[in-house]
Each structure stands twice: as C-alpha cells, then as structure tokens.
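In case you want the letters, here they are:
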Amino acid sequence: SRRADSHAMYYEDLLLGSQGGGLETKLAATKAINLDLVKKQHAEIVKNGDIKFDCLFSGNVSEREAKLFFEQACHSLKQAKKGGVTTNDGNGDSPDMIDFNRWIPGPFQRRLKDGEDIELHFQSKNPKEENGAVLMTFQAPVPGYKGELLSDEENLKQSAAIRLLCHMLREPLFDELRTKQQLGYIVSSYHDVSFSSRRQNLTGTFYPAMTPIDSIAVNVLSRKISPPEVTRCIDEFLDSFRSTLETMPHSEIKSHSDSLSKKLLKPKQKLSDEVSVHFGKILRYASEVLGKGLMPTDLPWDSAKSLAQMIEKIERRDLTDVWDRVVSNNDRSRIVSHVYGSSFPMGEAASDKNVVFPGKNRRNTVIIKSADELFQKRTELVPFDDRAKRESTKGMISRFVKSRKNMGIAAALIGAGVVGLGLLSSRQDEKERVKAYSKV
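Residues numbered from 1 in each chain as written. Predicted model: local features only at pLDDT ≥ 70, side-chain atom pairs only at ≥ 80, totals over all residues. Heavy atoms only, no water.

Any chance you could explain the overall build of the protein here in plain terms?
Summing up its helical and strand segments, the protein has 16 helices and eight strands in all. Counting only carbon and sulfur atoms, one obtains 51% of the accessible surface of the protein, whose full area is about 21200 Å². (Helix = DSSP H or I, 4+ residues; strand = E, 2+ residues; numbered from the N terminus. Areas by Shrake-Rupley, 256 points an atom, 1.4 Å probe, with all protein chains shown as cover.)

Spelled out as structure tokens, the structure:
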C-alpha cells in the first residue's frame, strides 16, 4: 500500500516482529532470483528434515477419508526426502543434536521495555502521499489469554478488560479526533493480538509454545497537522479518557460488556470463518497441549466463551487498573510510529526538541529516525514469552524438534470438505498469517 498508515505499521513491525533487514533487503534478494535458484530452493525445502504439514479438514468428508489423505501426504513427503537429510523426529534424539541458532517455527514478537516509549520517525516513501500517519500501540505486560488449561486467571482478566476498554474507547475517540477536531478521514482504535513462539523442553522433546500479546492501538491518518502534533492530540484524549472511566455510569459499562460478550458468542455464519478459528487454535496451541501430555480435546476450543463470561464480570476497578498498567502509568510500554507526508515533511519537524510532547507520565522516550537506529534498538529487545524471566534474543531463537504424534493432530481433530494444506520449511511472514487466524 502507498498509504502512510500502512508505512507506519511496517516500521512498527520492522522493530517488533521482523528478523530480516527490511523491505529493501527483500527487494534486492527478489531481483537476484532466477529459475535455477527457485529449483534449488524447492529441492532444499522438500528435503528439509523438519518440514511439516498443516492440514485441516472441515465439511462433508469422513474422519477416515481425512486421515487417509493426511497419511498419503506424509508418505509422499517421506519419499521426497529420500536423498538425504537426517530428521530429528523427537523419538530419542539427544538435545545436544539440536541447532539452537535455528528459528522457532511460527510468529515472533519482541517485548517492549517497561517504562519506555519508543518513537519512530520516517518520511513516506510515496512522494505523492500528502497525509502523515501515527500508529500508537500500547503493549500489555502480561501475556494474553490462551485457554483454561494454558492460562491463569490474571491472563483471562487482563485480556477481557483490554477488549472491553477498546470497545468503550472506539466511539469517543472517533468523535473527538475525527468529528470535532477533524484531524483526518481515518481515526480508529482497536484491540490488537499478536503472537510469539518460544521453545519448551519436556522430557527431552522440544516443541513451540505460543504466547498471545494483547495491545491497545490507535491509528490516525492526517494532513491537517504534523504527526508529532497528532500524537499530542491522542495523548490529551487518552489522559482525559481515564477520568471518563471514573465517572461513566455503571449502566453504560454494563451496556458495553453485554454488547461485546454477545459479539464474541455470535455463531460464525460461514464455514470458512469457523475453519479459520479452529485451524488457528490448532496451529498456535496443539504442540503445547500435546507436549504437556494433554489430549486434543484439551485444546482451548471454548476460549471465546471464557472471555465472554469474564467480560460480563469486569468491574470499573478492573478497567481502571488495566488502563493504568497498560496506558497511563510510568512503567507502561508504548511504541509510536510516525510517517510524514508531503503536507508536513519530516525535516526539522523531527528534531529531538520538537518531536516529544512530554506529559505527566512521559519520562523515558527513545527517538528513532533511521533504519540503522531501528536495527540497533532491535538488538536490545528480548522476545515476548510467558515466563517471568526474560531471556536474551540469542537464547530464545532456536529450533524445535517435533514428536511424531504431533504430526497427526490436524487430521485426527476434525473430520472434514474445506482442505487447508501448507508446506512450511522456513519462517513465514507471520504477521499476515497470524492476522488470518487471530479470531477467537
């Protein structure tokens, strides 16, 4: 996209979710590709010892047919592997054989530092873009809710409260910044969920565990004022919204919670939507469930119901506590991505003295205005996981070894018409994929 807000999301992603060198590096690599390289890559993918199938059947196909298809696909894969890569299948291989410098299959997200605001400032790559953009994201410190057997009460309550806060925030923020102040034609706020993989080791078998990350996001596209001024307007509104939470009638809070709860429990109208929900849960949590010795029936199939029930129980104090922890306290974690259009070019507007608009809780701000500074900052941020101890990036990016019983889960779980078949041999562009399966 050529829009400035898409660029703002790209730079945020480049800091938090990417392990590559950015779009320029990808374009250079793409231009160097020829047919021989494609054939070579195909051969390496097929022979990769850690390749796996993601397979989900749903609809008018029997369980027997689903299993038969899966077994035939796995057999074809094994035949293609004959040529020579040694596989680590989790059946007694020594952990010493594992290459810990390899990636963990699945998405990746970095944890922002407590008490630190990061401001990204970049000029739009589209010279015809008049609008500037601000994407402001508050990252929750406590991992999001997975399911009853995979998360505790704190995870559930925080996820429920954040969802309810975003539901309550959307209309008043739009009314103030879009309707009254008329900052731009796009003003939105929303609950964002990203995911980060990490490895677990139980009885010598390594498998990935997925950590959901809740965030509160505000997005504004404007050519009326500069991006730093947009940030100031958003901050002023968010400061005032804290008082709104304190004075909001209980009946209005109840109305929001009832509405959101019903929305979460509303049945999916399309088979494809239901498939996406089920397949997303399998992709994210199957390895962890089986790795803990649980059964496929223990997957968090009813997480939406649990969230809806907790949302109904959320009180005003819960909302203000989570708001303070995530948005307004000194130890909050925030990133603000600014992209400048032609109406207000970056230039001197992004000098240190003009960029930051300190508020009562804005103490520690890191300003990044170049790709080199962004990549340097990236080395300081550790992967987001659900352990109390935060490890270094080097110790977290590793390969997992999958047991054979995990290979059969997708075919065994749901009998079948819509067929999803993925062949994974390298870390995918996880942001797009996770978004497709991020429905609860």
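From this point, things continue past the structure.
For this particular structure, what's the right way to read the confidence of the model for the protein?
Per-residue confidence for the protein gives a mean pLDDT of 79; residues scoring 70 or more make up 74%. Segment residues 84-103 is flagged for pLDDT under 50; beyond a separation of four residues in sequence, or across chains, it makes 46 contacts in the model. Per-residue pLDDT stays below 50 along residues 349-361; that stretch engages in 26 contacts with residues further than four places along the chain or on separate chains. (pLDDT = per-residue confidence, 0-100. Contact = heavy atoms within 4.5 Å.)

Help me understand the pairing of strand E6 (residues 333-340) in this model?
On a regular strand, one side chain projects to one face of the sheet and the next to the other, so that they alternate. Within E6, eight of the eight residues are buried, which leaves it mostly tucked inside the rest of the structure. Where strand E2 (residues 116-123) lies against E6, eight bridges are found, and the strand directions are parallel. Bridge pairing links Glu119 to Val336 in E6. (Buried < 20%, exposed > 50% of the residue type's maximum accessible area, 1.4 Å probe, protein only. Pairing = 2+ DSSP bridges.)

Before we go on, may I ask you to explain the packing of helix H5 (residues 153-180) against helix H7 (residues 250-265) in this structure?
Each pair of packed helices gets described by two things: the angle between the helix axes and the distance between those axes. The N-to-C vectors of H5 and H7 enclose an angle of 110 degrees; their axes lie 10 Å apart at closest approach. Relative to H7, the element H5 is oriented roughly perpendicular. Crossing handedness for the pair H5 and H7: right-handed. Facing H5, whose interface residues are Arg163, Leu164, His167 and Met168, H7 presents Ile253, His256, Ser257, Ser259, Leu260 and Leu264. Its residues assigned to classes, the contact of H5 with H7 shows five nonpolar, four polar and one charged. (Axes fitted to C-alpha atoms, helices over the stretch in contact; angles between N-to-C directions. Parallel < 35°, antiparallel > 145°, perpendicular 65-115°, else oblique. Left-handed = near helix turned anticlockwise from the far one by under 90°. Nonpolar A, V, L, I, M, F, W, Y, C, P; charged D, E, K, R; others polar.)

I tried to follow the packing of helix H6 (residues 227-247) against helix H10 (residues 316-328) on my own but got confused; where do I start?
It is at 9 Å that the axes of H6 and H10 come closest, and there the two elements cross at 165 degrees. Accordingly, the angle class assigned to the pair H6 and H10 is roughly antiparallel. Considering the relative orientation of H6 and H10, their crossing is left-handed. Side by side, H6 and H10 meet where Leu238, Phe241, Arg242, Leu245, Glu246 and Thr247 of the first sit next to Arg316, Thr320, Trp323, Asp324 and Val327 of the second. Partitioning the contact of H6 with H10 into residue classes produces five nonpolar, two polar and four charged.

What is the right way to read unusual backbone geometry from this model?
In terms of backbone geometry, most residues other than glycine have negative phi values and most peptide bonds are trans. Of note, the phi angle at Gln182 is positive, near 50 degrees, even though the residue is not glycine. The residue Gln182 is located in the loop between H5 and strand E4 (186-202) in this model.

Honestly, helix H8 (residues 271-291) in this entry has me stumped. Any pointers?
In an α-helix, one full turn covers 3.6 residues, which means residues spaced three or four apart are oriented alike. A rise of 1.5 Å per residue sets the reference length of H8, with its 21 residues, at 30 Å; its end C-alpha atoms lie 29 Å apart and thus fit the reference within 8%. Along its length, H8 reaches its greatest deviation from straightness, about 55 degrees, at Tyr285. Note on H8: the residue one or two positions beyond its end, Gly293, has a positive phi of about 80 degrees. (Expected span 1.5 Å × (residues − 1). Bend = angle between axes of the 7 residues up to and from the residue.)

What's the story with the packing of aromatic side chains in this structure? I'm lost.
Describing an aromatic ring pair means giving the distance of the ring centres and the angle of the ring planes. All told, the structure shown has four aromatic pairs when counted by the stated rule. For the pair Tyr11 and Phe122, a centre-to-centre distance of 4.0 Å together with 5 degrees between the ring planes defines the contact as stacked. Here Phe122 lies in strand E2 and Tyr11 lies in helix H1 (residues 4-16), a separation of 111 residues in the sequence. For the pair Tyr11 and Phe122, one class covers both residues: buried. Ring geometry for Phe241 versus Trp323: centroids 5.2 Å apart, planes at 50 degrees, classification tilted. Of this pair, Phe241 sits in helix H6 while Trp323 is found in helix H10, placing the two residues 82 residues apart along the sequence. Judged by relative accessible area, Trp323 falls into the buried class, the value being 1%. Through a chain of ring-to-ring contacts, the aromatic side chains of Tyr10, Tyr11 and Phe122 assemble into a single cluster. Across the ring face of Phe384, the terminal group of Arg111 is positioned such that the distance to the ring centre comes to 3.9 Å. (Phe/Tyr/Trp six-rings, centres within 6.5 Å; stacked < 30°, edge-to-face > 60°. Lys NZ or Arg CZ within 6 Å of the ring centre and 35° of its normal.)

Is there a simple way to explain the side chain of Thr137 in this structure?
Locating Thr137 in the fold gives a position in strand E3 (residues 132-139). At a separation of 2.8 Å, a polar atom in the side chain of Thr137 contacts the side chain of Glu12. The contact partners of Thr137, leaving out residues within four places of it in the chain, are Glu12, Ser215, Ile216, Ala217, Ser333, Arg334 and Ile335. (Polar contact = N/O pair within 3.5 Å; in protein donor to acceptor, adjacent residues only side chain to side chain.)

Would you take a moment to explain the nonpolar core for this structure?
What tends to happen in soluble globular proteins is that the nonpolar side chains get buried as a cluster. Core analysis: the largest hydrophobic core is formed by 44 residues, its most contacted members being Ile234 and Leu238. Within the residue set of this core, elements represented by two or more residues are E3, H5, strand E5 (205-222), H6, H7, helix H9 (303-313) and H10. Examining the composition of this core, we find that eleven residues originate from one element, H5, more than from any other. Discounting chain neighbours no more than four positions away, the residues touching Ile234 are Val134, Met136, Leu177, Val218 and Val220. (Core = buried A, V, L, I, M, F, W, Y, C linked by side-chain atoms within 4.5 Å.)

Teacher, can you tell me more about the pattern of salt bridges here?
Two side chains that carry opposite charge are able to pair once their charged atoms sit near each other. Under the definition given, this model contains 20 salt bridges. Two residues, Lys377 and Glu380, come together in a salt bridge whose shortest N-O distance is 3.1 Å. (Salt bridge = Lys/Arg side-chain N within 4 Å of Asp/Glu carboxyl O.)

Got a minute to help me understand a nonpolar patch on the surface in this structure?
Residues Ile33, Leu35, Leu37 and Val38 make up a contiguous nonpolar surface patch of roughly 370 Å² in combined accessible area. Within the secondary structure, Ile33 is located in the loop between helix H2 (23-31) and helix H3 (35-47). In this structure Ile33 comes out as partly exposed when scored by relative accessible area, which is 49%. (Patch = residues over 30% accessible without salt bridge, like charges linked within 9 Å, V, L, I, M, F, W, Y side chains within 5 Å.)

Which parts of the structure should I look at to understand the pairing of E3?
In terms of burial, E3 is a largely internal element, eight of the eight residues being buried. The alternating pattern of E3 places Gly132, Val134, Met136 and Phe138 and Ala133, Leu135, Thr137 and Gln139 on opposite faces, both of which are buried. Relative to E6, E3 runs antiparallel, the two being bridged by six bridges. In the strand pairing of E6, Thr137 is matched with Ile335.

Hey, could you run me through H3 in this one?
Between the first and last C-alpha of H3 there are 19 Å, a value that for 13 residues agrees with the 18 Å anticipated at 1.5 Å per step. Between the side-chain oxygen of the N-cap and the backbone nitrogen of Asp36 there are 3.2 Å, and the N-cap of H3 in question is Asn34.

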